[in-house]
Amino acid sequence: MKLRRLKYQSALLFLTGLVAATMVSCGGIQNSINPAGPQAQKISSLWWLMFYVCAAVFMAVMISLFVAIAKRTSHSSLQPLLNPLLDGERRRRNAVISAAVLTVVIMFVFLIVSFSVGRSLTAELSNKNALTIEVTGHQWWWEARYLDPSASNIFATANEIHIPVGVPITFSLRSTDVVHSFWVPNLMGKKDLIPGKINTIWLQADKPGVYRGQCAEYCGLQHAHMALWIVAESTDQFNAWRQNAEQTSVSPITDSQKHGQEVFLASACVMCHAINGTPAGSNIGPNLTHIGSRNTIAAGTLPNTREHLAHWIINSQDIKPGNKMPENNLSQADLEPLLDYLQSLK
Amino acid sequence: MRQSNIRSLVERRPRKGSSARIVLIVFCLCGLMSCKREQRTFQQPPSTFKTYELTLSDIQPGSPPPAPSLNNPAEDRAYEVNEGKRLFTQYNCSGCHFNGGGGIGPALMDELWVYGDKPENIYATIIEGRPNGMPSFRHKIPDNQVRQIVAYVRSMSGQLRKDVAPSRSDDMNSRRSEQRTERKTPQESGLPPSAQRP
């Protein structure tokens, strides 16, 4: 009696946990069933359709299983069942056949719905070019170039992509090393970035917010630390951000910042990173023209604070082993000004 | 009848088992071979190279010091040689040396060396620069990356072990891979006229 109550209680606890987990998964900034755009809405509806139908089938199977157990015939009466002409046997055979037919029909409905949703996600791609952003996958970070008809308005940033709300944005996807996959679940499905090939998708955010994206194709050691952020904001906010992003970097003001710039230009930083408006123009690593305004560093791995930036510069291999940023043996007298300078690049 | 059949089966079993055992042993040996795997270290050990100071005279007071014994740890690790290959393009070495065939700068895949073929010579060439074109990368490339580039440069003329040298390029191959390059015997080529002091 006691044991049975214990079993009952643990089952109840498990069910409550399951329901709670399901409720939690309905929110979130990296969740395909918390859609924030028209395409994600379609994917989400498809997901829920499949969920409800599969849940109904599962319940039906479980109920018939329990009914079968409850109505089980005793061992002695098994013998006559071997006669296939018996009424009960025919009924069972019909049930199995109709269940099989129903399964095939359900799968076909899923196939057709899934196919049409997949088609509609990429339909009319050429009309959806209110803004084109070129996203390049690198081991292990994202480069984003905002294209513009006038070349002086083109600018590059990394790992943090601002977009205006309510407008379709075209993403032109490419890769420089291995295959990556661009996936922001709240906005759109996945699309691979393939070296030597350009893939295109469009997406649209209807709700302002910050959505997390993640590389969805295993791409090496730090695949798990290859995140990006889509910041969807109102058109005014976006235009203000864009206007700032198009500018060249701010000039250093204080003596410390000036020394920091000298350190940057005289050390290994300049071999890989660009700061527009200075002689630093390499495009191997992320563009640092407005590094001070970004929220995270190292492709969403760490918040952009002074301590984390210092740790990353001195010994990035400690944080993301295998990444392409080398160790830098900077003295304290050089590091502090460098941090002052980098943080001033808003 | 049936019993004798069973007995024959039982008697035959050891012979069948022995061949299975051999296969098993071979498999285990194959497994053991995979135990020796290159260790990839991300924290770089301190350099055994020292940064050379440029001197304008070869004459020294007293007898010359014995040549320091140096080895480049990057030359034993395939990963680091591959990193050197990546950096060779990204740091634009290929801008002058092209894919090793030379053009603006000397060829690196042949047997001729102007400033020496030893790792420390190539290291010094990268760090110090050379007259008429080779820039000095001092303070610009971290020490461990210079060692990687040195290892890669030596792999171009087949100086490295075959299991360490890069096996193929990501792009279209413009020449044989470093792994398939035959080992060339380094020779001093002497200074080209363009590099001689007036």
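Structure's up top.
Remember, it's a predicted structure, so these values are computed and weren't measured experimentally.

Residue and element names in this part refer to chain A. For the pair helix H5 (residues 255-266) and helix H8 (residues 332-344), interaxial distance at closest approach is 7 Å and the crossing angle is 100°. Between H5 and H8, the angle falls in the class roughly perpendicular. In this structure, H5 contributes Ser256, Gln257, His259, Gly260, Gln261, Val263 and Phe264 to the contact, and H8 contributes Asp334, Pro337, Leu338, Asp340, Tyr341 and Ser344. Looking at the contact of H5 with H8 residue by residue, the class counts come to five nonpolar, six polar and two charged.

Here we take up unusual backbone geometry. Residues and elements named next belong to chain A. Here the bond from glutamine 139 into tryptophan 140 is cis, since omega is -5°, no more than 30 degrees from zero. Topologically, tryptophan 140 is positioned in the loop between strand S1 (131-138) and strand S2 (141-146). The phi dihedral of asparagine 159 is positive, around 65°, even though this residue is not glycine. With respect to the helices and strands, the residue asparagine 159 is situated in the loop between strand S3 (155-158) and strand S4 (160-164). Looking at asparagine 159, the number of C-beta atoms within 10 Å reads 22, which means it is buried. Phi is positive for alanine 299, close to 55°, though the residue is something other than glycine. Within the secondary structure layout, alanine 299 lies in the loop between strand S11 (296-297) and strand S12 (302-303). Among the residues examined, alanine 299 registers 24 C-beta atoms within 10 Å and is labelled buried.

Contacts between chain B and chain A engage 11 residues on the former and 11 residues on the latter. Class assignment for the residues of the side of chain B that touches chain A results in four nonpolar, six polar and one charged.

Looking now at the nonpolar core. With 76 residues, the main nonpolar core has Leu187, Ile230 and Leu342 of chain A together with Val81 and Ile149 of chain B as its most contacted residues. Here isoleucine 149 of chain B is in contact with Gly84, Leu87, Phe88 and Ile126 of chain B, once residues within four sequence places are set aside.

Our next topic: the pairing of S2 of chain A. Residues and elements named next belong to chain A. Bridge count between S1 and S2: six bridges; the pairing is antiparallel. Within S2, the position partnered with glutamate 134 by the bridge is arginine 145. Where S1 hands over to S2, the hairpin turn is made up of two residues, counted between the paired strands.

All names here are of chain A. Sheet architecture is open: five strands sit in the order S3-S2-S1-S5-S8, paired in mixed fashion. Across the chains shown, the open sheet's two edge strands, defined by having one partner strand only, are S3 and strand S8 (199-203). If you compare each strand with its neighbour and ignore which way they point, the axes differ by 25° on average. The sheet contact formed by S2 and S3 spans four bridges and is antiparallel. For arginine 145, the partnering residue across the bridge sits in S3 and is alanine 156.

Let us now look at the sheet that holds strand S9 (residues 209-214) of chain A. Residue and element names in this part refer to chain A. Pairing within the open sheet is mixed, and its three strands lie in the order S4-S10-S9. Taken across any chain shown, the strands that pair with only one partner, and hence form the sheet edges, are S4 and S9. When strand polarity is set aside, the average angle formed by the axes of neighbouring strands in this sheet is 25°. Here S4 pairs with strand S10 (residues 227-233) via five bridges, running parallel. Counted as the bridge partner of isoleucine 161 is isoleucine 230 from S10. Its contacts with the sheet place helix H4 (residues 235-246) against S4 and S10, and it is angled at close to 135° to S4.

Residue and element names in this part refer to chain A. Running from N to C, helix H7 (residues 306-315) and H8 point in directions that differ by 120°, and their axes come no closer than 10 Å. Put simply, H7 runs oblique to H8. Considering only the axes of H7 and H8, their crossing is right-handed. Counted together, Arg306, Leu309, Ala310 and Ile313 of H7 and Leu335, Leu339, Leu342 and Gln343 of H8 form the full contact between these two elements. Class assignment of the residues belonging to the contact of H7 with H8 gives a composition of six nonpolar, one polar and one charged.

What counts as what
Residues numbered from 1 in each chain as written. Chains lettered and ligands numbered in written order. Predicted model: local features only at pLDDT ≥ 70, side-chain atom pairs only at ≥ 80, totals over all residues. Axes fitted to C-alpha atoms, helices over the stretch in contact; angles between N-to-C directions. Helix = DSSP H or I, 4+ residues; strand = E, 2+ residues; numbered from the N terminus. Parallel < 35°, antiparallel > 145°, perpendicular 65-115°, else oblique. Contact = placed C-beta atoms within 7 Å. Nonpolar A, V, L, I, M, F, W, Y, C, P; charged D, E, K, R; others polar. Buried ≥ 20, exposed ≤ 12 C-beta atoms within 10 Å, placed from the backbone. Core = buried A, V, L, I, M, F, W, Y, C linked by C-beta atoms within 7 Å. Pairing = 2+ DSSP bridges. Left-handed = near helix turned anticlockwise from the far one by under 90°.

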